[in-house]
Amino acid sequence: MISSLLERKIEKRPDKVRLQGRILFLTEDPELIKRQLAGEDLPWDTKNPANNPKLRDDISTDEITPAHYCFYFDETLGEIPYLGLKCGNMFPIGRSDVKKGGFVCAVSGKRRGKGSSREQSPYAEMCAGIRIVIAENIERIYKQNCQNLGVLTSTNFSLIDQIRSGQEIALSEFTAGEDEITRQVIEYGGLFPFNVARMQKKVFLPPINTERRPMTVAEKIFARHMLDDKGDVGVPFVKPGDTGFARADLRFSHEYVTPMAAIFFERYVGKDAKVNDPASILFFRDHLTFLDEVISEEKKKLGLLDLATQLKLKQQDFAAKQGIKLHGELKDRKGSEGICHSIVLESYALPGQLNIGSDSHTPHVGAIGCVAFGIGTTDVFNSWITKDVRVKVPESVKIVIRGKKHPNVTAKDFILRILSLDYVRQGKALAKVMEYGGEAIEELSVDERATMTNMAAEIGGFTGIVAPDRKAVDFLVERRGMDRKKAEAMIQGLSSDPDAQFAHVIELDAADITPMVATPGDPGNGKYIRELNTPVPVELAYGGTCTAGKNEDMDMYALVLADALKHGKRVAESVKFYIQFGSQETRDYCKRKGYLEIFQRAGADVIEPSCGACINAGPGVTTRPEQVVISAQNRNFPGRSGPGQMYLASPLTVAASAVAGHIVEYEPSAQRELVEA
């Protein structure tokens with residue numbers, strides 16, 4: 001505990017809120033947005049919603065703050081909000097438009113703030129003057145980031161009339177239905193002032209007194225990590241809705257988030273203050289290693305490349321000052337040690353742990369049987385003080401995939417099928433744990449399971465998890481060199497009780513699932529390849545990122561390309577195919593297996609580890625709107641990886657399509673040719 005915080009003066013915000021300013025309706029019609037930016041206040045009928053223009057659904061954090069602008073980590077972000085917002089085929093909002101417009105409220109439709117955990121998005125809105133966000137439903141991490149910063153959120157559209165008339169609104173309007181801790185975070189105006197009040201014993205932390213009950217595997221892990229009313233770690237039982245603070249085994253962040261968190265820490269805690277237990281904190285330089293190869297001249301002129309360098313330097317300096325392990329850039333060649341999720345799974349995460357990271361894909365390591373979830377910048381810097389994180393125990397959804405999968409179907413096809421389900425697309429899975437099971441999941445390796453847990457983020461879930469079993473033990477023994485008995489002891493009891501309660505159960509038959517793609521715009525646009533009506537030529541193919549840069553993903557790229565070479569084929573002349581490792585361990589694996597030679601002979605370009613194209617920061621990004629790319633990454637939100645048309649697919653499909661020159665299924669048979677779907 002940092003002693004100076006015990007004397008800090010902390011007060012609650014007023015119990016009534018008056019918001020004086022305009023309301024920005026983020027509609028599907030770009031002309032309506034332009035009219036608002038020009039000064040027109042859009043009429044809005046709160047009593048008869050059918051009379052109103054259609055609001056934009058699925059506004060991602062990539063659209064609120066496009067990746068390149070997240071190099072800013074100060075109030076300059078107030079010039080940025082909604083620069084990436086696509087309405088029709090237009091981007092109607094320009095730099096500083098929101099700030100100049102005098103808006104205090106932004107209104108949108110379903111699934112507001114989906115995607116990346118970047119706190120730059122609500123921070124940019126806040127710095128532009130936005131004090132309240134209203135939407136039909138709001139994604140967990142984005143909503144929590146808003147609360148942590150003091151931005152108010154609501155799903156009550158009747159507030160529009162009150163804001164417009166300048167009425168006072170009771171603060172209780174924004175705390176209604178929230179748990180006790182979230183209520184107090186809102187009342188204190190953010191997570192940091194709340195935590196200071198917590199240290200000063202001014203706030204009420206509800207005890208967790210849940211009686212004996214059957215629990216899911218995630219609930220068991222939460223119970224082991226929740227703090228009791230005395231501050232000790234662990235309670236006997238939890239149930240969905242229980243709130244408190246959970247002690248984290250591991251806290252990590254990358255260079256997109258660490259500098260902003262470090263600045264918050266130094267500003268609010270003190271320049272010479274020390275973090276709590278630096279040995280359990282990890283930093284990663286994994287996002288922007290190849291940025292200089294793809295950033296446009298226009299963005300260079302804006303100074304964005306220089307800003308990106310400042311991110312790296314700030315992280316390095318803070319790590320050195322605090323004695324924190326930094327997995328950084330390579331010394332002998334361009335590239336990084338690896339992507340944070342890849343390295344955490346390969347080297348750190350253990351069954352039964354609770355891990356937090358500054359990235360929405362932190363659930364990746366749920367493949368080994370731990371609860372891992374993404375948090376925003378304010379949560380990161382607060383965890384450096386307290387070593388814990390605010391948690392409301394989520395409900396769990398059981399996803400059972402039975403039977404045996406087809407040889408050309410992978411975990412990526414499974415998750416694209418799940419993402420296409422109405423239950424997911426309607427936002428009913430938001431903030432829930434995705435627990436994967438069934439024979440088809442049990443047959444997957446830990447690498448493949450990581451694809452499923454990683455993309456719980458695209459579902460909008462709290463996290464994804466697979467109960468650890470023999471495959472998890474084998475992974476720990478073979479990849480970590482752990483003693484088998486120790487690994488077996490570690491997984492004991494880590495499975496859901498037979499009568500555990502689930503919010504919903506999804507059951508699929510693996511035999512019904514054939515290779516899939518997600519068509520451009522959203523990972524939920526899943527289609528079976530054989531349902532594509534006409535051939536889809538591709539210019540770019542990309543295999544990599546945390547989702548698809550693992551050892552087994554490399555097995556798949558190598559399988560397809562070796563098969564192509566055997567049949568006298570290679571990557572089509574019309575296609576540029578990039579394969580990017582998730583870590584140096586995976587690169588070394590490829591070297592041992594002879595894959596580097598296969599990739600080279602087949603005409604694929606190999607890239608050292610980095611997030612790269614997935615965040616518009618490395619080779620494989622599109623440069624023209626009409627350009628088509630097939631990618632094994634996890635997201636294809638508008639503008640995320642360039643202006644082109646991105647199809648998501650499995651490593652097998654990406655490699656097969658690179659060879660064919662258009663989107664195809666991979667058909668693994670002795671007689672097969674690469675056949676068009």
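As shown above, the structure is provided for reference.
Now for a quick tour of the structure. (Residues numbered from 1 in each chain as written. Predicted model: local features only at pLDDT ≥ 70, side-chain atom pairs only at ≥ 80, totals over all residues. Heavy atoms only, no water.)

## Observations regarding the sheet that holds strand β17 (residues 504-509)
Argument step 1. The four strands lie next to each other as β16-β15-β14-β17, forming an open sheet whose pairing is parallel. Edge positions in the open sheet fall to β16 (463-466) and β17, since each of these has one partner strand only. Adjacent strand axes in the sheet meet at a mean angle of 20° when their direction is disregarded.
Argument step 2. Examined bridge by bridge, strand β14 (residues 396-402) and strand β15 (residues 433-437) share five bridges and lie parallel to one another. Each bridged residue has a counterpart across the sheet, and for Ile399 the counterpart in β15 is Tyr436.
Argument step 3. Taken strand by strand, helix α16 (residues 411-419) contacts β14, β15 and β17, and its axis lies near 125° from that of β14. (Pairing = 2+ DSSP bridges. Helix = DSSP H or I, 4+ residues; strand = E, 2+ residues; numbered from the N terminus. Axes fitted to C-alpha atoms, helices over the stretch in contact; angles between N-to-C directions. Contact = heavy atoms within 4.5 Å.)

## Here we look at the side chain of Thr27
Argument step 1. Looking at where Thr27 falls in the secondary structure, it is placed in the loop between β2 (22-25) and α1 (30-37).
Argument step 2. For Thr27, the side chain forms a polar contact with the main-chain oxygen of Asp29, separated by 2.9 Å.
Argument step 3. Those residues within four positions of Thr27 in sequence are excluded, and the remaining contacts are Leu32, Ile33, Leu42, Pro53, Lys54, Leu55, Arg56 and Cys87. (Polar contact = N/O pair within 3.5 Å; in protein donor to acceptor, adjacent residues only side chain to side chain.)

## Some thoughts on the nonpolar core
Argument step 1. Core analysis: the largest hydrophobic core is formed by 128 residues, its most contacted members being Tyr82, Phe222, Phe265, Phe373 and Trp384.
Argument step 2. The contact partners of Phe222, leaving out residues within four places of it in the chain, are Val238, Leu354, Val371, Phe373, Val391, Val393, Pro394 and Phe462. (Core = buried A, V, L, I, M, F, W, Y, C linked by side-chain atoms within 4.5 Å. Buried < 20%, exposed > 50% of the residue type's maximum accessible area, 1.4 Å probe, protein only.)

## Thoughts on the pattern of salt bridges
Argument step 1. Throughout the structure, instances matching the rule amount to 48 salt bridges.
Argument step 2. A salt bridge links Asp522 to Lys114; its shortest N-O distance comes to 2.7 Å. Pair noted here: Asp522 is in the loop between β18 (516-518) and β19 (526-528) and Lys114 is in the loop between β3 (103-107) and α4 (120-127), with a separation of 408 residues, a long-range link.
Argument step 3. Judged by relative accessible area, Asp522 falls into the buried class, the value being 12%.
Argument step 4. The exposure class of Lys114 is buried, given its relative accessible area of 2%. (Salt bridge = Lys/Arg side-chain N within 4 Å of Asp/Glu carboxyl O.)

## Here we look at the sheet that holds strand β8 (residues 250-254)
Argument step 1. On the basis of which strands lie adjacent, the open sheet formed by five strands has the order β10-β9-β8-β11-β12 and parallel pairing. Sheet topology places β10 (325-327) and β12 (371-374) at the edges, where each strand pairs with a single neighbour. On average, each strand axis in the sheet is tilted by 20° relative to the strand beside it, whichever way the strands run.
Argument step 2. Pairing analysis gives four bridges linking strand β11 (residues 354-357) to β12, with the strands arranged parallel. Within β12, the residue paired with Ile356 across the bridge is Phe373.
Argument step 3. Those strands touched by helix α14 (residues 340-348) are β8, β9 (281-284) and β10, and its axis lies near 150° from that of β8.

## Remarks on the state of the cysteines
Argument step 1. In total, this model carries zero disulfides according to the counting rule given.
Argument step 2. Here Cys127 stays free of any disulfide, with the sulfur of Cys146 as its closest cysteine sulfur at 12 Å.
Argument step 3. Distance from the sulfur of Cys370, which forms no disulfide, to the nearest cysteine sulfur (Cys340) is 13 Å. (Disulfide = S-S within 2.5 Å.)

## Description of the packing of aromatic side chains
Argument step 1. Scanning the model with the defined rule gives 20 aromatic pairs in all.
Argument step 2. An angle of 65° between the planes, with centres 5.8 Å apart, marks the rings of Tyr123 and Phe264 as edge-to-face. One end of the pair, Tyr123, is in helix α4; the other, Phe264, is in helix α11 (residues 258-268), and 141 residues separate them in sequence. Phe264 carries the same exposure label as Tyr123, and that label is buried.
Argument step 3. Seen from their ring centres, Tyr589 and Tyr595 are 6.1 Å apart, and the 80° between their planes marks the pair as edge-to-face. The pair Tyr589 / Tyr595 is uniform in exposure class, with both members buried.
Argument step 4. An aromatic cluster is built from Tyr123, Phe192, Phe264, Tyr268 and Phe381, whose rings are joined through pairwise contacts.
Argument step 5. We note Arg140 situated over the ring of Phe462; from NZ or CZ to the ring centre the distance is 4.3 Å.
Argument step 6. In this arrangement the basic side chain of Arg198 is found over the ring face of Phe245, its NZ or CZ atom lying 3.7 Å from the centre. (Phe/Tyr/Trp six-rings, centres within 6.5 Å; stacked < 30°, edge-to-face > 60°. Lys NZ or Arg CZ within 6 Å of the ring centre and 35° of its normal.)

## Observations regarding the environment of Phe103
Argument step 1. With respect to the helices and strands, Phe103 occurs in strand β3.
Argument step 2. Counting along the chain gives 350 residues from Phe103 to Thr453, while the straight-line C-alpha distance between them is 38 Å.
Argument step 3. Beyond its immediate sequence surroundings of up to four residues, Phe103 is in contact with Arg22, Ile23, Leu24, Gln36, Leu37, Asp97, Val98, Ala128, Gly129 and Ile130.

## Here's the deal with helix α9 (residues 191-199)
For an α-helix, 3.6 residues make a turn, and residues three or four places apart therefore share a direction.
Argument step 1. Counting buried positions over the nine residues of α9 gives nine, a clear majority of the element.
Argument step 2. For α9, the set of buried residues is Leu191, Phe192, Pro193, Phe194, Asn195, Val196, Ala197, Arg198 and Met199.
Argument step 3. Close packing links the buried residues of α9 with α5 (140-149), α8 (180-187), β7 (243-247), α11, α15 (377-386) and β13 (388-392).
Argument step 4. Backbone geometry just downstream of α9 places Lys201 in the positive-phi region, at approximately 60°.

## So, the packing of α16 against helix α19 (residues 446-454)
Argument step 1. Close contact between α16 and α19 brings their axes to 9 Å; oriented N to C, the two are set at 20°. Relative to α19, the element α16 is oriented roughly parallel. You can see that α16 and α19 cross each other, and the crossing is right-handed. Where α16 approaches α19, its residues Ala411, Lys412, Phe414, Ile415 and Ile418 are matched on the opposing element by Glu448, Thr451 and Met452. (Parallel < 35°, antiparallel > 145°, perpendicular 65-115°, else oblique. Left-handed = near helix turned anticlockwise from the far one by under 90°.)

## Observations concerning the pairing of β15
Argument step 1. Most of β15 is tucked away, with five of its five residues classed as buried.
Argument step 2. Taking every second residue as pointing to the same face, both faces of β15 are buried, with Val433, Glu435 and Gly437 on one and Met434 and Tyr436 on the other.
Argument step 3. As paired strands, β15 and β16 are joined by four bridges and run parallel to one another. Looking at β16, one finds that Met434 is bridged to Gly464.

## Here we look at the side chain of Ser280
Argument step 1. Secondary-structure assignment places Ser280 in the loop between α11 and β9.
Argument step 2. By relative accessible area, which is 7% here, Ser280 ends up buried.
Argument step 3. Side-chain polar atoms of Ser280 contact the side chain of Arg251, separated by 2.7 Å.
Argument step 4. What Ser280 contacts, discounting residues up to four positions off in sequence, is Asp249, Leu250, Arg251 and Lys387.

## Topic: the packing of helix α24 (residues 551-566) against helix α27 (residues 651-660)
Argument step 1. Where α24 meets α27, the axes come as close as 8 Å, and the angle between the chain directions of the two elements is 30°. Here α24 is positioned roughly parallel relative to α27, judged by the angle of their axes. Crossing of α24 over α27 shows right-handed handedness. Residue-level inspection shows Asp553, Met556, Tyr557, Leu559, Val560, Leu561 and Ala564 of α24 in contact with α27, the latter providing Pro651, Leu652, Ala655, Ala656 and Val659.
Argument step 2. Residue classes in the contact of α24 with α27 are distributed as 11 nonpolar, no polar and one charged. (Nonpolar A, V, L, I, M, F, W, Y, C, P; charged D, E, K, R; others polar.)

Shape is all these values report; function is a separate question.
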